[in-house]
Amino acid sequence: PLSYIIAIAIGIYAAKHRGKLFDIGSGVAMLALWSLPVMWVGVMLIGYLANKQFLHWFPTAGLHDLQADTMPFLPRLWGGDFERGWLLDAAWHLVLPVFCLAYGSFAVLAKLTRSSILENISSDYVRTARAKGVGERDVLYRHVFRNSLLPLITVFAAFLPSLFVGSVIVE
């Protein structure tokens, strides 16, 4: 769901500003993301973001910290100190695997959204809606975006099995 939300937002913005700097830059970035193998990205994320020699922002293994049994469920301020909590600890341990699983589909979905919107924006019903005086925002979201969702829903059926298979490889 996170990759769909971000990809749709980037795809709509890139389609609205076709040929501008954001469209070209996001296109290059999406192509680069799609080209990177998941196994290599996973190793690089662990090597640079979880390694003690470099940044050590994220944990390298496990779903929880060793002291997770003694943590409260939700984060809280206790005696002036911030206590992470079991739920935030679990979310923090899932950041790298979720990113590693989502970046490839994110790139494909953003490009698919952009191309689908650009295809629908030149249709007859969009010209008719504009001729009737419908605002540009309403044309984009009520007419174009609704019809542009069909390819995204279709692609979801292909991404779901690869998400489960990819999670075994990433973990």
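Residues numbered from 1 in each chain as written. Predicted model: local features only at pLDDT ≥ 70, side-chain atom pairs only at ≥ 80, totals over all residues. Heavy atoms only, no water.

Visitor: Is there a simple way to explain unusual backbone geometry in this structure?
Guide: Residues other than glycine predominantly adopt negative phi, and peptide bonds predominantly adopt the trans conformation. The phi torsion at H56 lies on the positive side, around 55°, for a residue other than glycine. Along the chain, H56 falls in the loop between α3 (38–49) and β1 (76–78). (Helix = DSSP H or I, 4+ residues; strand = E, 2+ residues; numbered from the N terminus.)

Visitor: Would you explain the pattern of salt bridges in this entry?
Guide: Where charged atoms from two side chains of opposite charge approach closely, those side chains can pair. One pass over the full model with this rule turns up seven salt bridges. A salt bridge links D124 to R127; its shortest N-O distance comes to 2.1 Å. Here D124 pairs with R127, and both are found in helix α5 (residues 124–131), just three residues apart, close to one helical turn. Judged by relative accessible area, which is 49%, R127 ranks as partly exposed. (Salt bridge = Lys/Arg side-chain N within 4 Å of Asp/Glu carboxyl O. Buried < 20%, exposed > 50% of the residue type's maximum accessible area, 1.4 Å probe, protein only.)

Visitor: Looking at this model, I keep getting lost on the nonpolar core. Mind explaining?
Guide: When a protein is soluble and globular, its nonpolar side chains tend to lie buried together. If you look at the biggest cluster of nonpolar residues, it comprises 20 residues, and the most contacted ones within it are Y4, I8, I12, L109, I117 and V144. Of all elements in the fold, only α1 (2–16), α4 (86–121), α5 and α6 (136–170) reach the threshold of two or more residues within this core. Leave out the neighbours within four places in its chain, and Y4 touches L109, L152, V155, F156 and F159. Of all hydrophobic cores here, the second largest spans eight residues; its members include V41, A50, C100 and Y103. (Core = buried A, V, L, I, M, F, W, Y, C linked by side-chain atoms within 4.5 Å. Contact = heavy atoms within 4.5 Å.)

Visitor: Just checking my understanding: could you explain the packing of α3 against α4 for this structure?
Guide: When two helices pack together, their arrangement is given by the angle between the helix axes and by the axis-to-axis distance. Close contact between α3 and α4 brings their axes to 10 Å; oriented N to C, the two are set at 150°. Relative to α4, the element α3 lies roughly antiparallel. Remark: the crossing between α3 and α4 carries right-handed chirality. Contacts from V38, V41, G42, L45 and L49 in α3 reach L96, F99, C100 and Y103 in α4. Residues belonging to the contact of α3 with α4 are distributed by class as follows: eight nonpolar, one polar and no charged. (Axes fitted to C-alpha atoms, helices over the stretch in contact; angles between N-to-C directions. Parallel < 35°, antiparallel > 145°, perpendicular 65-115°, else oblique. Left-handed = near helix turned anticlockwise from the far one by under 90°. Nonpolar A, V, L, I, M, F, W, Y, C, P; charged D, E, K, R; others polar.)

Visitor: Is there a simple way to explain the packing of aromatic side chains in this structure?
Guide: Both the distance between ring centres and the angle between the ring planes are used here to describe each pair of aromatic rings. Applying the stated criterion across every chain yields a total of seven aromatic pairs. With a centroid separation of 6.0 Å and an interplanar angle of 25°, the aromatic rings of F99 and Y103 are classed as stacked. Note that F99 and Y103 are positioned in helix α4 at a spacing of four residues, about one turn of the helix. For R76, the ring lying beneath its charged end belongs to W78, and the centroid distance is 4.4 Å. (Phe/Tyr/Trp six-rings, centres within 6.5 Å; stacked < 30°, edge-to-face > 60°. Lys NZ or Arg CZ within 6 Å of the ring centre and 35° of its normal.)

Visitor: How do you make sense of the packing of α1 against helix α2 (residues 21–35) when you look at a structure like this?
Guide: It is at 8 Å that the axes of α1 and α2 come closest, and there the two elements cross at 140°. As far as their axial angle goes, α2 and α1 are oblique. The two elements α1 and α2 meet at a crossing, and its hand is left-handed. On α2, the residues that touch I10, Y13 and A14 of α1 are F22, D23, S26 and M30. In terms of residue class, the contact of α1 with α2 is made up of five nonpolar, one polar and one charged.

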